[in-house]
Number of protein chains: 2
Amino acid sequence: MEKQRVVIVGAVALGPKTACRFKRLRPDADVVMVDMDEHISYGGCGIPYFVSGDISEIKELMSTSFHMERTPKFFEDAKGVRVMTGTRALAVDRQAKEVLVRRLATGEEERLPYDKLVLATGSRPVDLPIPGAHLDGVMNVSNLKTALAIKERISKGEVDKAVIVGAGAIGCEMAEALSDLWGVETSVVEIADQVLPWIIDPVLSRMIQKHMREHDVNLCLSETVREIRPGDGEHPLQVVTGARTLDADLVITAVGVRPNGELAKEAGLNVSPGGAIMVNRRLQTSDADIYAGGDCIEIPHLITGKSFFFPQGSLANRQGRVIGTNLAGGHAVFNGSVGSYCVKIFDLAVASAGLSPKAARKEGFDIVQTLVVQADRAHFYPTQDLMYLQLTVDRSTRRVLGMQGVGHNGDALVGRINSVAAMLPYKPSLEDLSNLEVAYSPPFASALDIVNATANTAENILDGFNKTMDVDELEECFLKEASEDVVCLDVRGPANAAPFIERFGDRWLNIPQETLKDRFQDVPKDKKLVVVCNSGVRSYEALLQLEHAGIHGALNLQGGVGAIKKSGVVDMSDE
Amino acid sequence: MEKQRVVIVGAVALGPKTACRFKRLRPDADVVMVDMDEHISYGGCGIPYFVSGDISEIKELMSTSFHMERTPKFFEDAKGVRVMTGTRALAVDRQAKEVLVRRLATGEEERLPYDKLVLATGSRPVDLPIPGAHLDGVMNVSNLKTALAIKERISKGEVDKAVIVGAGAIGCEMAEALSDLWGVETSVVEIADQVLPWIIDPVLSRMIQKHMREHDVNLCLSETVREIRPGDGEHPLQVVTGARTLDADLVITAVGVRPNGELAKEAGLNVSPGGAIMVNRRLQTSDADIYAGGDCIEIPHLITGKSFFFPQGSLANRQGRVIGTNLAGGHAVFNGSVGSYCVKIFDLAVASAGLSPKAARKEGFDIVQTLVVQADRAHFYPTQDLMYLQLTVDRSTRRVLGMQGVGHNGDALVGRINSVAAMLPYKPSLEDLSNLEVAYSPPFASALDIVNATANTAENILDGFNKTMDVDELEECFLKEASEDVVCLDVRGPANAAPFIERFGDRWLNIPQETLKDRFQDVPKDKKLVVVCNSGVRSYEALLQLEHAGIHGALNLQGGVGAIKKSGVVDMSDE
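What you are looking at is a predicted structure, and each value in this text was computed from that prediction instead of being measured.

Novice: Would you mind showing me how to read the overall build of chain A here?
Specialist: A count of helical and extended segments in chain A gives 17 helices and 30 strands. For 575 residues, the compact-globule formula gives about 25 Å, and the C-alpha radius of gyration of chain A, at 27 Å, lands near that figure. Based on the C-alpha atoms only, the size of chain A along its principal axes is roughly 90 × 60 × 40 Å. Scored against the burial criterion, the 575 residues of chain A give a buried share of 62%. Across chain A, every contact between residues at least 6 apart in sequence was considered, and the portion connecting residues at least 24 apart equals 63%. If you sum the accessible surface of chain A, you get close to 21000 Å²; carbon and sulfur atoms cover 48% of it. Between the averaged position of the 61 positive side-chain charges in chain A and that of its 77 negative side-chain charges there is a distance of 6 Å.

As structure tokens, then:
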């Protein structure tokens, strides 16, 4: 039998994983990987940590866990995989089963015959469609070359001021990288009115925004970059937004990526309107001899059932293994993703699985959302810290659609979100989440853990017991409109309530919950009442007492003063 | 309509949760909770942290997250629940629907009528059936009273030496509590040949044992306590085991707990052979008007399908909510548990979900097990540390049966185990675990995360590609028998291999994996080969190369040198 020939186009994440998996199963096969770049098989997600200095050498991003650099020679020697770097795949001839490639250095062209072809062409950064987007000093962080260039400028002391365009994960990570260690005066311009739009909702994003501002990041939200132009001398660049002009020594664009589906499209394979390659669950394209995976494909969203573009290094690795298995005659499948996501922004972790409330509404779900603020371990355990989780539930079916959160103990937060992500493909009900088994010991969880508490709270809302208001709604009616008709009933102890009473006077009323049963006469009957405690738990109890006493219409502030403070809705920093 | 009367026997975990949940749903109802003790509604799992001094005041274990003490008055005022402390439930008259109780202080008896009764009678520590078990200074940590007594003795400086009987979670936690902060010379005597028997297997328990010994705990495994007797003067007690006599100022017994099912049994309710109350999924006993939950019941094990006794404060809380809902006419269910578990022992976290290899075999499963050693985040991220995960898989169905692990970053470990626990009720296959969606970002996970890697490794074993040996098998054939026929083939770099070659001479051969393809002639063909690298990944690659070169019969050491060192199988501390 002749040797099976596999050609892989792209050698960053999915390509190498596919090649290695396949070669282990079929050591006799002939595998060649081609890539335009000289750098291959690197951890692109590590770029912000290289720029920040957390990782000192770029080659650490290209090394195995046992500190060998993943060079073409490494792939030849250790894996038996041939690598052609600096080589561009120009076209796929599906009839002849050949890939036409060109050596970029020499212009030499070659036809690589294949039995099976794997497209791992990845994604590329979206270009800013504005004047000046290609000026010197305007960069993205899509590959190691630009990462090196950015770090070189910074470490030479050439960057006092930087502007980042886009407040997605990479924009936020880069803001930390530049300002935290290097002390670069950093502005982030974002077209949406929040950071991480669509991933999380405003209640949580405000917490991140406050945190970033406390770390001296100049956040410019709801602003569009109109132009980048040469600066006035002191700084080589100026970024002009709809609202201001920002000086910059460096501009980093991070406005998303697009799948590289051109090669596939030109070969006549099925490609989505967004340009991503369409694949089945075995990750075959519309040509069964051609597989595709990683940042160039669309995958099924396991909540919506629709196909979506979700470039993640982790998915590329899992898909790479599936393709490697299938190339060898196996029957592996990749079913899709619930959109799990995490990012560290300064000292705050953000994580998400499934749909945020806003994203769920956009998909047409009628939802209930809940914000729960609770300790990330037993509240009596010394190192506990607050965690903030938001749950999205479909109203009629009570199906859990997603959970998002922020917290300072990142591993604890990501662990909670991962456990919800693990259930989501099975279409869990609220009751499943209520009983989700979180291993318990005081150093790691609460006896009634926050992740279960989100479900309990949502159930109380759906059953009509808990009637809630969110902090952004409180901001609107209590702070902005400052209506005399809205009164906050603070059911905590007097010491907790005092600074709020000082600030808001008559509009902030204090009746500790345990005294409420004897003080209904003190509760104003002609106002819109917002019941408030530290987290929303005691205020829920109070709300039920009010209802039972015939005082209807009050609302419980979700997340309580914890959410108020963390999101900066009320600045109590003088307290 | 007359007020519904609910009586709850037991006021530690399930009782209060049930009472509060029910009262919120039915504020008109009359709820009374009785408990023998004066202390109620406390976090018993926090006792080791109170004894260690991490928690300074015992009342912190009895406080809400908003620092109010959960006294009977608190339950009356804040929750509308009547509490009778110092009151023993003597009998249940199911015909009359009354509970006979006695006030312990006065001897006064009273009959409490109920419409619905909840048994939250909990568990009690197993008595050591040996002479001297009741001497002064022999204690357990089952309640706040003994916790206070233990701490008082220690803080008075009366305890230089302590012996703990039982190396389950509580025994190990207490060993930390006594020795870490107080510097008490602590011995732990355990009848099994490992700590945490049945929860985790020897490969992992050895890692914990090494860690405990490094923290100066004197571990006496495979030893039975025969007698406790008065000491010789300097120390008031002596603990006599089959192998030695240990002086002690304090003896703590932690040999497990038994369900308190007597009240139920005497009332004619169905009780298991082990004494636990039998309930249905709605947590009703064999009398539909009597519910039971918490440490006095058995619950379905969601892997084996059998009923088991699994006392956990977290389950009590979740079950309490279910009972509260059902008392109010709702239809909540508690389906069971996969046995999720975690404990912190000094700086090491241990966590478990589902069955360990040993437990699975005991249940009759034909299993494959795998140990994976990998960084708990991207291997290039500065704060990464190794994590050790063991996976248990049913051989024929490839169903995932359980995962156990240890690691120094406890939240990261527990997060991984929780995500597996979240899948387990859905009977996941190996492929489901291989594709389990772990949110990825370098500070929190690897692109190919360890949790996915365990499934990939198991698949490679089941498919016949990876042929493995465990560190305890290596210890047997390579170290104890020291057979000349067994040779370790170290495929790491020469610097890594050098100290092992120095120690083992010809029996430790070094051929770096990337050079192996040209050096097959150097591989001994007449020896039993164990291929070794740092983790088992490179050695797997090498194993496949050997097979392909016609050198059969070699085995891959699971977890590699990482597992060797962590478990102390080979002491390389001089290295």
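Still more to cover.
Novice: Would you mind going over the side chain of glutamate 514 of chain A with me for this structure?
Specialist: Tracing the sequence through the fold places glutamate 514 of chain A in helix α15 (residues 513-516). Setting aside chain neighbours within four positions, we find glutamate 514 of chain A in contact with Arg538 of chain A together with Met68, Asp77 and Ala78 of chain B.

Novice: Just to check I follow, could you spell out the state of the cysteines for this structure?
Specialist: Among covalent bonds in proteins, the disulfide is the one between the sulfur atoms of two cysteines. Applying the stated criterion across every chain, the model contains 0 disulfides over all chains. Here cysteine 220 of chain B is not cross-linked by a disulfide; its sulfur's nearest cysteine counterpart is in cysteine 172 of chain B, at 13 Å.

Novice: Please explain the interface of chain B and chain A as it appears in this structure.
Specialist: When the parts of a complex come together, some accessible area is lost, and that lost area is often used as the size of the interface. Between chain B and chain A, the residue contacts involve 94 residues of the former and 94 residues of the latter. Between chain B and chain A lies a buried interface of about 8000 Å² when both sides are counted; carbon and sulfur atoms form 56% of it. Its largest share of buried area at the contact with chain A, chain B owes to Arg318, Glu437 and Phe444 of chain B, together 10% of the area lost on that side. If you look at where chain B meets chain A, you find 12 salt bridges. The partner of arginine 21 of chain B in a salt bridge is glutamate 459 of chain A, with the nearest N and O atoms 3.4 Å apart. Counting every contact that joins chain B to chain A gives 44 residue pairs in polar contact (both at pLDDT 80 or more). It is helix α10 (residues 410-423) of chain B that provides the largest number of residues to the side of chain B that touches chain A, a total of 10 residues.

Novice: I keep staring at the relation of the copies chain B and chain A and nothing clicks. Help me out?
Specialist: For the pair of chain copies, the relating transformation is a rotation about an axis with a translation along it. Superposing chain B onto chain A requires a rotation of 180 degrees together with a translation of 0.0 Å along the rotation axis, leaving an RMSD of 0.0 Å. Read as a symmetry element, the transformation amounts to a two-fold axis. Mapped onto chain A, 100% of the interface residues of chain B are again interface residues, and the two copies thus contact each other with one and the same surface.

Novice: Looking at this model, I keep getting lost on the environment of valine 451 of chain A. Mind explaining?
Specialist: All names here are of chain A. The topology assignment puts valine 451 in helix α12 (residues 450-462). Considering only alpha carbons, one finds valine 451 and leucine 391, 60 residues apart in sequence, at a separation of 9.1 Å. Those residues in contact with valine 451, other than ones at most four positions away along the chain, are Leu389, Met403, Arg416, Val420, Leu433, Leu436 and Val438.

Novice: Any chance you could explain the pattern of salt bridges here in plain terms?
Specialist: Close approach of charged atoms allows side chains with opposite charge to pair. On inspection of all chains with the given rule, the structure shows 66 salt bridges over all chains. Aspartate 77 of chain A is paired through a salt bridge with lysine 517 of chain B; the nearest N and O atoms lie 3.4 Å apart. One end of the pair, aspartate 77 of chain A, is in helix α3 (residues 72-79); the other, lysine 517 of chain B, is in the loop between α15 (513-516) and β29 (528-532), on a second chain. Aspartate 77 of chain A sits in the buried class, given a relative accessible area of 16%. Notably, a salt bridge pairs aspartate 287 of chain A with arginine 94 of chain A, separated by 2.9 Å at the nearest N-O pair. One end of the pair, aspartate 287 of chain A, is in the loop between α7 (262-266) and β18 (290-292); the other, arginine 94 of chain A, is in the loop between β4 (87-93) and β5 (98-103), with 193 residues separating them in the sequence. By sharing partners, the salt bridges in this structure join Lys73 and Asp77 of chain A together with Lys517 and Asp518 of chain B into a single network.

Novice: So what exactly am I meant to see when it comes to the sheet that holds strand β13 (residues 225-230) of chain A here?
Specialist: As a general point, the strands of a sheet are linked pairwise by backbone hydrogen bonds and lie either parallel or antiparallel. Residue and element names in this part refer to chain A. With respect to topology, 3 strands assemble into an open sheet ordered β13-β14-β15, the strand pairing being antiparallel. Each having just a single partner strand, β13 and β15 (245-248) make up the two edges of the open sheet. In this sheet, adjacent strand axes meet at a mean angle of 20 degrees when their direction is disregarded. Relative to β15, strand β14 (residues 237-241) runs antiparallel, the two being bridged by 4 bridges.

Novice: What's the story with the packing of aromatic side chains in this structure? I'm lost.
Specialist: Here a ring pair, both rings aromatic, is described through the centre-centre distance and the interplanar angle of the planes. By the definition in use, this model includes 15 aromatic pairs over all chains. Aromatic pair phenylalanine 500 of chain B and tryptophan 508 of chain B: ring centres 4.6 Å apart, planes at 20 degrees, arrangement stacked. What links up through ring pairs into an aromatic cluster is the set Phe478, Phe500, Phe504 and Trp508 of chain A. Lysine 362 of chain B extends its terminal NZ or CZ atom over the ring of tryptophan 198 of chain B, reaching a point 4.6 Å from the ring centre.

Novice: In this structure, what is going on with the sheet that holds strand β18 (residues 290-292) of chain B? I would like to understand it.
Specialist: All names here are of chain B. Reading across the sheet, the 5 strands line up as β3-β2-β1-β7-β18 and stay open at both edges, with parallel pairing between neighbours. Looking at strand neighbours, the two that pair on one side only are β3 (82-84) and β18, the edges of this open sheet. Neighbouring strand axes in the sheet, compared pairwise and without regard to direction, differ in orientation by 20 degrees on average. Two elements, strand β2 (residues 30-34) and β3, share 3 bridges in a ladder whose sense is parallel. Looking at the pairing, methionine 33 lines up with valine 83 of β3. Here helix α1 (residues 14-25) sits on the sheet in contact with β1 (5-9), β2 and β7 (116-119), set at roughly 170 degrees to β2.

Novice: Help me understand a negative patch on the surface, please; the structure alone is not making it clear to me.
Specialist: All names here are of chain A. Judged by side-chain charge, Glu484, Asp485, Asp506 and Asp526 come together as a negatively charged surface patch. Note that aspartate 485 resides in the loop between α13 (471-480) and β27 (486-490). Among the residues examined, aspartate 485 registers a relative accessible area of 47% and is labelled partly exposed.

Novice: Before we go on, may I ask you to explain helix α14 (residues 494-504) of chain B in this structure?
Specialist: Because each turn of an α-helix spans 3.6 residues, side chains separated by three or four positions in sequence point in the same direction. Residues and elements named next belong to chain B. Those residues of α14 not exposed but buried are Ala497, Pro499, Phe500 and Phe504. Seen from one end, α14 has its buried residues packed into an arc of 150 degrees, which puts them on one side. Exposed and facing more than 90 degrees away from the buried side of α14 are Pro494, Ala495 and Glu502. Looking at the buried positions of α14, the neighbouring elements they touch are α13 (471-480), β27 (486-490), β28 (508-510) and α17 (560-567). Immediately downstream of α14, the backbone of glycine 505 shows phi near 60 degrees, a positive value.

Novice: Explain the pairing of β1 of chain B to me, please; I cannot follow it from the model alone.
Specialist: In the case of a regular strand, side chains alternate between the two sheet surfaces. Residue and element names in this part refer to chain B. Counting buried positions over the 5 residues of β1 gives 4, a clear majority of the element. Considered for its hand, the β-α-β crossover made up of β1, α1 and β2 is right-handed. Summarising the sheet, β1 and β7 pair through 4 bridges and their orientation is parallel. If you follow isoleucine 8 over to β7, its bridge partner there is valine 118.

Rules and cut-offs
- Residues numbered from 1 in each chain as written.
- Chains lettered and ligands numbered in written order.
- Predicted model: local features only at pLDDT ≥ 70, side-chain atom pairs only at ≥ 80, totals over all residues.
- Heavy atoms only, no water.
- Helix = DSSP H or I, 4+ residues; strand = E, 2+ residues; numbered from the N terminus.
- Rg over C-alpha atoms; globule rule 2.2 N^0.38 Å.
- Buried < 20%, exposed > 50% of the residue type's maximum accessible area, 1.4 Å probe, protein only.
- Contact = heavy atoms within 4.5 Å.
- Areas by Shrake-Rupley, 256 points an atom, 1.4 Å probe, with all protein chains shown as cover.
- Lys, Arg positive; Asp, Glu negative; His and termini not counted.
- Charge placed at Lys NZ, Arg CZ, Asp CG, Glu CD.
- Disulfide = S-S within 2.5 Å.
- Buried area = accessible area lost by both parts, 1.4 Å probe.
- Salt bridge = Lys/Arg side-chain N within 4 Å of Asp/Glu carboxyl O.
- Polar contact = N/O pair within 3.5 Å; in protein donor to acceptor, adjacent residues only side chain to side chain.
- Least-squares fit on C-alpha atoms with pLDDT ≥ 70 in both.
- Pairing = 2+ DSSP bridges.
- Axes fitted to C-alpha atoms, helices over the stretch in contact; angles between N-to-C directions.
- Phe/Tyr/Trp six-rings, centres within 6.5 Å; stacked < 30°, edge-to-face > 60°.
- Lys NZ or Arg CZ within 6 Å of the ring centre and 35° of its normal.
- Patch = residues over 30% accessible without salt bridge, like charges linked within 9 Å, V, L, I, M, F, W, Y side chains within 5 Å.
- Arc of directions from axis to C-beta.
- Right-handed = clockwise from strand over helix to strand, strands pointing away.

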